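Below, each chain spelled out in residue letters.
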Amino acid sequence: MNQASIRKDFPILSRTIYGKYPLIYLDNGATTQKPLCVLDAMREEYLNVNANVHRGVHYLSQQATDLHEAARERVRGFINAGSTREIIFTRGTTESINLVASSFTAAFMHEGDEVIVSAMEHHSNIVPWQLQAERNGIKVRVIPMSDEGLLDLQAFEGLFNERTRLVSVTHVSNVLGTVNPVKDIVATAHRHGVPCMIDGAQSAPHIKVDVQALDCDFYAFSGHKMYGPTGIGVLYGKEKYLDAMPPYQGGGEMIGTVSFEKTTFADLPYKFEAGTPDYIATHGLAQAIDYMESIGMENIERHERELTRYALEQMQTVPGMRIFGPLDADRRDAVISFLVGDIHHLDMGTLLDRLGIAVRTGHHCAEPLMQRLGINGTVRASFALYNTKEEVDALVNGIRRVAAMF
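Here's a quick rundown of the structure. What you see is a predicted model; the values in this text were computed from it and never measured.

About the cut-offs
Residues numbered from 1 in each chain as written. Predicted model: local features only at pLDDT ≥ 70, side-chain atom pairs only at ≥ 80, totals over all residues. Heavy atoms only, no water. Axes fitted to C-alpha atoms, helices over the stretch in contact; angles between N-to-C directions. Helix = DSSP H or I, 4+ residues; strand = E, 2+ residues; numbered from the N terminus. Parallel < 35°, antiparallel > 145°, perpendicular 65-115°, else oblique. Left-handed = near helix turned anticlockwise from the far one by under 90°. Contact = heavy atoms within 4.5 Å. Nonpolar A, V, L, I, M, F, W, Y, C, P; charged D, E, K, R; others polar. Buried < 20%, exposed > 50% of the residue type's maximum accessible area, 1.4 Å probe, protein only. Pairing = 2+ DSSP bridges. Core = buried A, V, L, I, M, F, W, Y, C linked by side-chain atoms within 4.5 Å. Salt bridge = Lys/Arg side-chain N within 4 Å of Asp/Glu carboxyl O. Phe/Tyr/Trp six-rings, centres within 6.5 Å; stacked < 30°, edge-to-face > 60°. Lys NZ or Arg CZ within 6 Å of the ring centre and 35° of its normal.

1. Examining the packing of helix α12 (residues 345-353) against helix α14 (residues 389-405)
Thinking step 1. Contact pair α12 / α14: the axes reach a minimum separation of 10 Å and the direction vectors enclose 120°. Considering the angle they form, α12 stands oblique to α14. α12 and α14 meet at a crossing whose hand is right-handed. Where α12 approaches α14, its residues M348, L351 and L352 are matched on the opposing element by L395, G398, I399, V402 and M405.
Thinking step 2. Split by residue class, the contact of α12 with α14 holds seven nonpolar, one polar and no charged.

2. So, the environment of Q63
Thinking step 1. Structurally, Q63 can be placed in helix α3 (residues 59-79).
Thinking step 2. Distance from Q63 to V53, taken between C-alpha atoms, is 8.4 Å for residues 10 residues apart in sequence.
Thinking step 3. Sequence-distant contacts of Q63, that is, excluding residues within four places in its chain, are made with N48 and V49.

3. A word on the environment of V142
Thinking step 1. Mapped onto the fold, V142 is located in strand β6 (residues 139-143).
Thinking step 2. V142 sits in the partly exposed class, given a relative accessible area of 43%.
Thinking step 3. Sequence-wise, V142 and V117 are 25 residues apart; in three dimensions their C-alpha atoms are separated by 5.1 Å.
Thinking step 4. Those residues in contact with V142 that lie beyond four places of it in its chain are V117, S118, A119 and L159.

4. Let's talk about the sheet that holds strand β13 (residues 321-324)
Thinking step 1. Strands sit in the order β13-β14-β17-β16 across an open sheet of four strands; the sheet is antiparallel. Edge positions in the sheet fall to β13 and β16 (360-362), since each of these pairs with one other strand and no more. If you compare each strand with its neighbour and ignore which way they point, the axes differ by 30° on average.
Thinking step 2. Looking at chain direction, β13 and strand β14 (residues 335-340) are connected through four bridges and run antiparallel. Pairing of F324 across the sheet is with S337, part of β14.
Thinking step 3. Relative to β14, helix α11 (residues 297-315) is tilted by about 10°, and along the sheet it contacts β13 and β14.
Thinking step 4. Together, β14, β16 and β17 (378-382) form the strand contacts of α12, whose direction differs from that of β16 by roughly 160°.

5. Some details on the nonpolar core
Side chains that are nonpolar tend, in soluble globular proteins, to be buried together.
Thinking step 1. Residues I79, V167, Y219, L385 and Y386 are the most contacted members of the largest nonpolar core, which totals 73 residues.
Thinking step 2. If you tally residues by element for this core, the top one is helix α10 (residues 279-295), at 10 residues.
Thinking step 3. Contact partners of L385, with chain neighbours within four places excluded, come to M1, Q3, I6, F10, Y227, Y291, I295, I300, H303 and E304.
Thinking step 4. Counting 30 residues, the second largest nonpolar core, distinct from the first, contains I24, A311, I343 and F383.

6. Focus: unusual backbone geometry
Thinking step 1. Look at the link from L268 to P269: it is a cis peptide, with omega at 0°.
Thinking step 2. You can see P269 is positioned in the loop between β12 (263-265) and α10.
Thinking step 3. A positive phi is found at E253, a non-glycine position, where the angle reads about 80°.
Thinking step 4. Tracing the chain through its elements places E253 in the loop between α9 (239-244) and β11 (255-258).
Thinking step 5. By relative accessible area, which is 16% here, E253 ends up buried.

7. So, the pattern of salt bridges
Thinking step 1. Applying the stated criterion across every chain, the model contains 22 salt bridges.
Thinking step 2. Residue D27 is joined to R360 by a salt bridge in which the shortest nitrogen-to-oxygen separation is 2.6 Å. Taken as a pair, D27 in the loop between β3 (24-25) and α2 (36-48) and R360 in strand β16 lie far apart in primary sequence, 333 residues in all.
Thinking step 3. The salt bridge involving K238 is made with D217; its shortest N-O contact spans 3.2 Å. Taken as a pair, K238 in the loop between β10 (233-237) and α9 and D217 in the loop between α8 (211-214) and β9 (218-222) lie far apart in primary sequence, 21 residues in all. Pair check on accessibility: K238 and D217 agree, each one buried.

8. Considerations on the sheet that holds strand β5 (residues 114-118)
Thinking step 1. Read from one edge of the open sheet, seven strands run β4-β10-β9-β8-β7-β5-β6, paired in mixed fashion. Where the open sheet ends on each side, the last strands, each with one partner, are β4 (87-90) and β6. Sheet twist, expressed as the mean angle between neighbouring strand axes with direction ignored, is 20°.
Thinking step 2. Direction of pairing for strand β8 (residues 196-199) relative to β9: parallel, over a ladder of three bridges. Considered in β9, the bridge of D199 is made with A220.
Thinking step 3. Helix α4 (residues 93-108) rests against β4, β7 (164-170), β8, β9 and β10 of the sheet, and its axis sits at about 155° to β9.

9. Considering the packing of aromatic side chains
Thinking step 1. Enumeration according to the criterion identifies 12 aromatic pairs in this entry.
Thinking step 2. Ring centres of F10 and Y386 lie 4.7 Å apart, and the angle between their planes is 65°; this geometry places the pair in the edge-to-face category. Within this pair, whereas F10 is found in the loop between α1 (3-8) and β1 (16-17), its partner Y386 is found in the loop between β17 and α14, the two being separated by 376 residues in sequence. In terms of burial, F10 and Y386 fall into one category: buried.
Thinking step 3. The rings of F10, Y227, Y291 and Y386 are connected pair by pair, giving a single aromatic cluster.
Thinking step 4. Just above the ring of Y18 sits the side chain of R354; from NZ or CZ to the centre is 3.9 Å.
Thinking step 5. The ring of Y310 has K389 sitting right over it, with the charged end atom 5.1 Å from the ring centre.

In short, geometric facts, not functional conclusions.
Below is the structure:
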């Protein structure tokens, strides 16, 4: 990977912060920056091919529809889904999980039935199930984890019973960076006759994903975390489940026929895509996938793994450093959450920002995980394909400067 060449694709990385420091952007777990090819593709479509998709017989509508459906095929290939019928466009991982929570519960769950999640889930994979618990009387059970930040798979086995209907777990923790053994988790669920959903928000940008090899039943991810536009995401679902699930929303696009007496619904995937889709963003997402694959997912993973390993080594030389999650870079993805001594995470993040270093602070939408760790928040540095060892050095030096102030 030619880092200098790659960084030129992201003009924002040449910004100066506070008129003094070069931007060091280490908040990629929240959202990534966008390469020019993605921005240019979206601008080009707005300028030359802007028309609502699927409904029009005119030339522009047909062109826009072709681009939109080509993006669906691009996503299908990216995760190796079996059919475009299994690719649902959503606004992001959060909406994808909410869709499954609502529609899967309606189709397959009754009062007293259970869903299994893990102790390290993002709120997006906790709250939707709690809402279903309140509305429909289902129960949420939790896979515990070790102090190192690894799921207790033996305890996981013990959570299954005759009322278990779904397992829904994260592929990669957005706090700990832990790469969960999701293929084993899926296999365990299937041995118990239970389908499994994977939250791939923190894995799809970093790891080559093959949903057929994983054999997962649902997989969700977001465009904005993988160099694409905001407001676009994907839900992959096995056709047998999507066919049986009722629509998540009603309106245009998702219908077969409508009368005041009865409505029939469109075939997959359109049954779950009510209203005008963000067809500009789907084209942008396809361009982002093209960009990532032109570099090579294996190359991206290798670079980020080396960068994470280097950062772990360098950060552990800081007195008072406390890193959360596995210290083995082979067991984590490109995320490092930390605290230094008694310095509050907000103070550390604010002062790093004054040095041009963008990190995330707080509970990272994972309050139950923070409670498990006995803290109220961390500083989180998260890496992307354009980050460098020099930026890691700047982060470590910045941490030392801040620590010296306290």
